[in-house]
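# Fold and geometry: a report
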Protein chains: 6
Amino acid sequence: MIVKVKEPLEEEFPLFKPGQILYTYLHLAASKELANELIRRKVTGVAYETIELPDRSLPCLTPMSEIAGRLSVQEGAKYLEKEFGGRGILLGGVPGVQRGKVAVLGGGVVGTNARKIAVGIGANVTVLDINAKRLAYFDDIFGSSITTLYATDANIEYVLKESDIVIGAVLVAGETAPRLITRQHLSLMQPGAVIVDVAIDQGGCAETSRPTTHSDPIYIVDNVVHYCVANMPGAVARSSTIALTSVTLMYGLMIANLGLSAASRANEALKRGINTIDGRCVHPGVAKSCGLPYSEYVA
Amino acid sequence: MIVKVKEPLEEEFPLFKPGQILYTYLHLAASKELANELIRRKVTGVAYETIELPDRSLPCLTPMSEIAGRLSVQEGAKYLEKEFGGRGILLGGVPGVQRGKVAVLGGGVVGTNARKIAVGIGANVTVLDINAKRLAYFDDIFGSSITTLYATDANIEYVLKESDIVIGAVLVAGETAPRLITRQHLSLMQPGAVIVDVAIDQGGCAETSRPTTHSDPIYIVDNVVHYCVANMPGAVARSSTIALTSVTLMYGLMIANLGLSAASRANEALKRGINTIDGRCVHPGVAKSCGLPYSEYVA
Amino acid sequence: MIVKVKEPLEEEFPLFKPGQILYTYLHLAASKELANELIRRKVTGVAYETIELPDRSLPCLTPMSEIAGRLSVQEGAKYLEKEFGGRGILLGGVPGVQRGKVAVLGGGVVGTNARKIAVGIGANVTVLDINAKRLAYFDDIFGSSITTLYATDANIEYVLKESDIVIGAVLVAGETAPRLITRQHLSLMQPGAVIVDVAIDQGGCAETSRPTTHSDPIYIVDNVVHYCVANMPGAVARSSTIALTSVTLMYGLMIANLGLSAASRANEALKRGINTIDGRCVHPGVAKSCGLPYSEYVA
Amino acid sequence: MIVKVKEPLEEEFPLFKPGQILYTYLHLAASKELANELIRRKVTGVAYETIELPDRSLPCLTPMSEIAGRLSVQEGAKYLEKEFGGRGILLGGVPGVQRGKVAVLGGGVVGTNARKIAVGIGANVTVLDINAKRLAYFDDIFGSSITTLYATDANIEYVLKESDIVIGAVLVAGETAPRLITRQHLSLMQPGAVIVDVAIDQGGCAETSRPTTHSDPIYIVDNVVHYCVANMPGAVARSSTIALTSVTLMYGLMIANLGLSAASRANEALKRGINTIDGRCVHPGVAKSCGLPYSEYVA
Amino acid sequence: MIVKVKEPLEEEFPLFKPGQILYTYLHLAASKELANELIRRKVTGVAYETIELPDRSLPCLTPMSEIAGRLSVQEGAKYLEKEFGGRGILLGGVPGVQRGKVAVLGGGVVGTNARKIAVGIGANVTVLDINAKRLAYFDDIFGSSITTLYATDANIEYVLKESDIVIGAVLVAGETAPRLITRQHLSLMQPGAVIVDVAIDQGGCAETSRPTTHSDPIYIVDNVVHYCVANMPGAVARSSTIALTSVTLMYGLMIANLGLSAASRANEALKRGINTIDGRCVHPGVAKSCGLPYSEYVA
Amino acid sequence: MIVKVKEPLEEEFPLFKPGQILYTYLHLAASKELANELIRRKVTGVAYETIELPDRSLPCLTPMSEIAGRLSVQEGAKYLEKEFGGRGILLGGVPGVQRGKVAVLGGGVVGTNARKIAVGIGANVTVLDINAKRLAYFDDIFGSSITTLYATDANIEYVLKESDIVIGAVLVAGETAPRLITRQHLSLMQPGAVIVDVAIDQGGCAETSRPTTHSDPIYIVDNVVHYCVANMPGAVARSSTIALTSVTLMYGLMIANLGLSAASRANEALKRGINTIDGRCVHPGVAKSCGLPYSEYVA
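These remarks concern the structure in this document. (Residues numbered from 1 in each chain as written. Chains lettered and ligands numbered in written order. Predicted model: local features only at pLDDT ≥ 70, side-chain atom pairs only at ≥ 80, totals over all residues. Heavy atoms only, no water.)

## Examining the arrangement of the chains
No part of chain A reaches chain D; the closest C-alpha pair between them is 15 Å apart. These two, chain B and chain E, are apart from each other, with no contact and a minimum C-alpha gap of 15 Å. (Contact = heavy atoms within 4.5 Å.)

Set out below in structure tokens:
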């Protein structure tokens, strides 16, 4: 059993042996070649990204979303500084001076975590979502320290006009993010406002977003600072590693202790993580994406 | 020793006897006639309103300011209702809908208490004051749940435009309240906004304020609802009575237990409460207001 | 497609055309006549009040309950004033003086929102419910700032004796509210205490409740002030309109964008909102209430 | 320079040398003999308990009061258990069950710290004090999670009747505590209620209090459990030692680094700590208590 | 219908009559004899401990877990005192002195309630659980006032080293608790640290745990204080009784009002509470444990 | 009257006219030349930095300290990222992962504001100060969300070892900051930890600190990242300008409205701001620093 973080490199393919368990991020939907190799060499591929709980949440992706959400406000606050073309606003204000305004588009894991830090740092925070139950839960937890709004077009335009920082947090794992912020929208925003597009790994939720890196994280379009770093959690590698491995370890130990067969009988989520085994593709989504025949795995 | 709440009525004057201690609100500065009677009849007049602590605060007036401050938001919220000409806004909002906005002009006792209720009820609260230390203290206590602004003209205009309720809380006991809100200002305000002028007993801090009563508490000028009830604490008479007598009782018991002379030696604040004794006026401010000769009281 | 808030008036019936979509509150169970018209004229009736999520909650009714819940405390606080026959108690107390006591009967949407405002305004709050999980959730969210009690007869009598305000919040949409407060109970209550019966639209949860209006909201029975305004959210019409339309708009746009058939395939909740189509009654509850034949709608 | 915690024992007297600095708790007012020895042997006695800040607070006693205050609730909660004769009440309650009630008599350092723990542990807390400013500060800090009452006789009787735990926290360092709870009062209390008398080192604030020890901490009078351990901080010796030495060390280092003369010129509080020097008594209070001639120390 | 708290005693068996409903804790899995009697005498046995909600929670056991969880911190704080062999640490610290550290192993009902009190009392609290969703919920509710960690071996060892109090809260009703703390682990702990093993009724989660009583609650192994009282809620009998009967009463009244048959048709949870009826064993788990034939109860 | 922010430049000296009021930061102690010019040309110099309230606080410096304090945590969090040589730790942690640790050296204005943001962002915060009253106030305001420690050498070493970010906040306006962190201390710290030295304008509180700029803010010594930007508030120029001018405006308006003489009679703090007038130096500290004769200003 091999435990990794990233997909195997092409030069590692020849090392595969039949019956080996490869437990890592596989992203086979994006690499038919790897899928074919795993099948050809009868490698058992267990992918972090398809381990899925009964409520359809993805436990091995959640920690990365939590980290990106919390980082997003920290980054936005930094790039609001004058030096970087930002508005020169202190998010938390000081006594006698207005707080900065943060709009969080999306109230999922990323948005929830962005909101915690934004409220903590003293900003005036508005969260937009289309799910009334989410908004009510936020109201329970955060009370009058945030404003919640339905994510209607009118409300989105309103917050774009008002905000110093806009956090794009409307990503759904595995899907292209909706384009909520168009090029025209930028002209509504205040010069020096910052967009932090956490959805950049799914294409971004602003039309003007394009991936950047930790070493060159921002660029400016129409006077609006864009922070669109792909793989945001890499900035805090130590915390991210612990967060990820704490979760993957649990499933890994089940495999190691019980064997894959028993482990996947005992744990439905883990079973969904199995992509290939015995030369067959046993995950319906992956099979569909890669054009491979699907065959059910009976543990 | 007679303990009352209100000043004695004219028909009660003949009942005064020399040496009696009359312990009540006296407001002699506003009634030379009463002052003269007390002096003529050698009544010892101890006035709640001039009992004064070393830090110049007035312990027998504070509870009434606390009550008026808390009530002010309750009243403002009520008269924001459509029925009364208000904007039809729910102060606390609900999930997905903006909170109402409350501006509190003044961060003294009234303003502090108004702010507590306004924050509690879920409004978006801004407090204006000219004292940076007060604003910093509010920031310590209330953190990011309120905005603090310096009470500059620009900021006052800004909050008048934005707010659903404006609380006039810039009163200083015994002085005429400053006129912060002019008639022109009303045109900046949103139709149906509410002014609660807690300073009405000192003349009000809006040019358009005039005293009203609990039975007919509001009127409308230029589409702005005015709540200007004089003696606001009367609305919650039970709470007000306990609040007032808890404080006055303490000083009253000192007089009763120790005698006035010893009590005023032991307690400087109480000593300042003595206005007349032995046919002399012994409070410098009262003497000046009533045109009476001042003579120091040596306990 | 016609979007309204209230049911169509009788004089509007002749304007109906076959195939029209009428999207509004319909309340057909209460009006067989309207139901028959819709069927006869082959109007597609989509009713806000029967849109129902898988967890059986009613998303288009929730915002109104949230608003009524929050308003209820504001109203109770106001009518506790001496002027209206109330106890003359300030709900939030002041330092040195007891807070007022609020009992909230029922921990659903109305009760949850009542409690937020009651706690915020500084009252001593007790919430009663029969659901232990709800009480535990309240304890998580509100910690030691409220008391939770099981809604036993003994506890109800206990809180009636103690409370300044009792919020009747035990309504279940579409059902008659249980009569928790009998006429005899009133004698347990303190003179001048206030009952705010939010369940009045379902008949009220006090035996002595009868509907009142915003212009004449209260009456007194056995020294207890009753506030029983039907359609409470009307008091804050602006907030209520935004709250309602934010939710109904979402479903309305689905119909407009996808067509009713595709929209109701995509969204089970919306499908349940369809009461009549093509001259048939397709909602089982409505069919039963109106004595109409039920026929399933296959989108 | 000798640094100790407790007073020197009689057998240590012969070890004293002229010019030595003895820096410890001295409590000379309670031991003329020690005072005479220090004078006779020309020892410089610097006493923790008379180091006094300009605002009259005693920095080396404060940490012990903080600890006793926090411990008091912990002890009260424990001895409320059935096993010890207590009422068998869980202070924090659980969802659906009433919280226990704690009354804290006195809002000084002990009372403030008691209140923090009592609120934290989930009790229903009432604080009584005669100082309106203290009550207002508590209201600022604790908001609606506590009730504040003026310490009138009526209110004391009220809380004795209602409370599960009564914390006697009305001590003033160096003075006999006032007797707020009489023997008759006990009959008002509920059987199994607990009095924690933190003022026991100053004689206790209950008539029925007598000092107990950590190994035998409680006794019962008239069905009321009394916890009256003298030297409460000894129970948590490790925390207490750090708390005390953190403060005394600061003054000790000043003496060591600057010499006593310069140190007491630089620090007025430290200067007040000097009780004896060069065969003279230089602290007016100590001189008076011990019947010694007072002579001013000019640093 | 007989309502009790504890199982019937052997001498009570002859009093059983056919058709009687015995509603109490039965624990038949632990007593075949009682099971046989109930069947032989055709008694209807309804057991608190098998009433089970659709989400598999046990409503009649939850209140006892809540109480034990809250008590656990109170007990741990007490036995940290020097007198009992503890570290002599004040859990809440004081200004300038470190807080004590509490580790809570398990984030279920017991752990959640332990955490509330531990945070409230001012301790530095770490909660360990294997369920990421639980940890995220704690983070929502408690924010930065606690630390959450995955319950990996490394993290367990880390907290054992650091903590003053360890709360063993990993119990699952009806199952043997996992042994998370071995004898070797004790040597990692600080001398005078305290283990409160709330799981003792299920065998304890420390290898060195053995049941103790309220009158002799602790013992020391390898310098670590062990508090392992079986039936912890008995310490606060009054609160426990109310907590338990509030829940059991609700089901009891259903039986009394509707009859058992109708009640169990109306309420699935109650139906699962029926263990024996008409001489048959109708609960599959009980049947299996007692080796009795199972027969379904059709209400 | 000329109002500026910075000191006048040398080329502006010839423009000075007798009797002009120059109201700006003057920092004459650092520039004898400017002092001489003002005196020679009989300019009235009113310096922001010497306006001083009766409690010795400096109202025109406070807002800058508030901003620097809040920024300090934001900057520290950013430079903890891997990219900049930092530890790669997310300050707020995520559920299941430890929070980062922040030590704030000094509990004055800078430290108080640093602490607010550090707590808000979710860090584990320790504040060190030598003033027990400050620590107690922090405990009142922040409760169990921070740890307070006395600033002893042992505690400073302890926090250097443990912390991810150390905020140097021990500055006293106008004095050289104490050197609390020596070069040797760096070896105690974790590789990649960050020092944010807010005291850099007063020389810094770390031996290895040297001023940096917003465009090149950090450098690394012994694996410890140093952020030592002089004039930190410049990063958020917009907020800083409002904060500063809100305060300076108030005093400026007094001068403009009343004339300097009357204004300085009415306001003692403003009077202390006058450094030069009529060719004389009227501020004792400035006179001493510049070797000029001092002459009292009688307004």
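Moving on from the coordinates now.
## Brief notes about the packing of aromatic side chains
Applying the stated criterion across every chain, the model contains 30 aromatic pairs over all chains. Centroid distance D:Phe13 to D:Phe16: 5.8 Å. Interplanar angle 25°. Geometry classified as stacked. The buried category is assigned to D:Phe13, whose relative accessible area is 7%. On the basis of relative accessible area, D:Phe16 is assigned to the buried category, the value being 9%. Relative to D:Tyr48, the ring of D:Tyr25 lies with its centre 4.9 Å away and its plane at 75°, an arrangement referred to as edge-to-face. With D:Tyr25 in the loop between β2 (21-24) and α1 (32-40) and D:Tyr48 in the loop between β3 (44-47) and α2 (62-79), this residue pair connects regions lying 23 residues apart in the sequence. Residue class for D:Tyr25 comes out buried when judged on its relative accessible area of 12%. Ring pairs connect the aromatic residues A:Tyr23, A:Tyr25 and A:Tyr48, which therefore count as one cluster. Seen from the ring of F:Phe138, F:Arg115 lies directly overhead, with NZ or CZ sitting 4.0 Å from the centre. (Phe/Tyr/Trp six-rings, centres within 6.5 Å; stacked < 30°, edge-to-face > 60°. Buried < 20%, exposed > 50% of the residue type's maximum accessible area, 1.4 Å probe, protein only. Helix = DSSP H or I, 4+ residues; strand = E, 2+ residues; numbered from the N terminus. Lys NZ or Arg CZ within 6 Å of the ring centre and 35° of its normal.)

## Re the nonpolar core
Ranked by size, the top nonpolar core spans 382 residues in total, and within it A:Ile167, B:Ile167, C:Ile167, D:Ile167, E:Ile167 and F:Ile167 carry the most contacts. If we ignore the near neighbours within four places in the chain, the residues touching F:Ile167 are F:Ser72, F:Val73, F:Val102, F:Ala103, F:Val104, F:Leu105, F:Ala114, F:Val196 and F:Val198. (Core = buried A, V, L, I, M, F, W, Y, C linked by side-chain atoms within 4.5 Å.)

## Digging into the sheet that holds strand β3 (residues 44-47) of chain B
Residue and element names in this part refer to chain B. Sheet architecture is open: five strands sit in the order β1-β2-β3-β11-β12, paired in mixed fashion. The sheet is open, and its two edges are formed by β1 (2-3) and β12 (280-281), each paired on a single side. Bridging between strand β11 (residues 274-277) and β12 involves two bridges; their strand directions are antiparallel. Across the sheet, threonine 276 pairs through a bridge with cysteine 281, a residue of β12. This element, helix α7 (residues 237-258), spans β2 (21-24) and β3 of the sheet and lies at about 165° to β2. (Pairing = 2+ DSSP bridges. Axes fitted to C-alpha atoms, helices over the stretch in contact; angles between N-to-C directions.)

## Some thoughts on helix α3 (residues 109-120) of chain C
Within an α-helix, residues lying three or four positions from one another point in the same direction, as the helix has 3.6 residues per turn. Residues and elements named next belong to chain C. In this model α3 runs 17 Å from its N-terminal to its C-terminal C-alpha over twelve residues, within 8% of the 16 Å that 1.5 Å per residue would give. All of the buried residues along α3 are Val110, Gly111, Thr112, Asn113, Ala114, Arg115, Lys116, Ile117, Ala118, Val119 and Gly120. One or two steps after α3, the chain reaches glycine 122, where phi turns positive at roughly 95°. (Expected span 1.5 Å × (residues − 1).)

## A word on the relation of the copies chain C and chain B
Here chain C sits on chain B after a turn of 180° about the axis and a move of 0.0 Å along it, with an RMSD of 0.1 Å. One copy is carried onto the other by what is essentially a two-fold rotation axis. Proximity to the rotation axis, assessed at the C-alpha, singles out C:Gly120 in chain C; its C-alpha lies 1.7 Å from the axis. A shared interface surface links the copies, since 100% of the contact residues of chain C are contact residues in chain B too. (Least-squares fit on C-alpha atoms with pLDDT ≥ 70 in both.)

## Concerning the interface of chain E and chain A
Contacts between the two partners involve nine residues from chain E and, on the opposite side, 13 residues from chain A. Interface area lost by chain E to chain A is led by E:Lys133, E:Asp140 and E:Tyr150, which between them contribute 58%. The interface formed by chain E and chain A includes four salt bridges. Note that E:Asp139 and A:Lys116 form a salt bridge whose closest N and O atoms lie 2.5 Å from each other. (Buried area = accessible area lost by both parts, 1.4 Å probe. Salt bridge = Lys/Arg side-chain N within 4 Å of Asp/Glu carboxyl O.)

## Quick look at the environment of E:Ser240
Relative to the helices and strands, E:Ser240 is located in helix α7 (residues 237-258). Leaving out residues up to four positions away in the same chain, E:Ser240 has contacts with E:Met64, E:Ile67 and E:Pro233.

## Remarks on the side chain of E:His214
Here E:His214 lies in the loop between β8 (194-197) and β9 (218-221). Within the structure, the side chain of E:His214 is placed 3.1 Å from the backbone oxygen of E:Asn231, a separation counted as a polar contact. Excluding anything up to four places from it in sequence, E:His214 contacts D:Glu83, E:Tyr227, E:Val229, E:Ala230, E:Asn231, E:Met232, E:Gly234 and E:Ala235. (Polar contact = N/O pair within 3.5 Å; in protein donor to acceptor, adjacent residues only side chain to side chain.)

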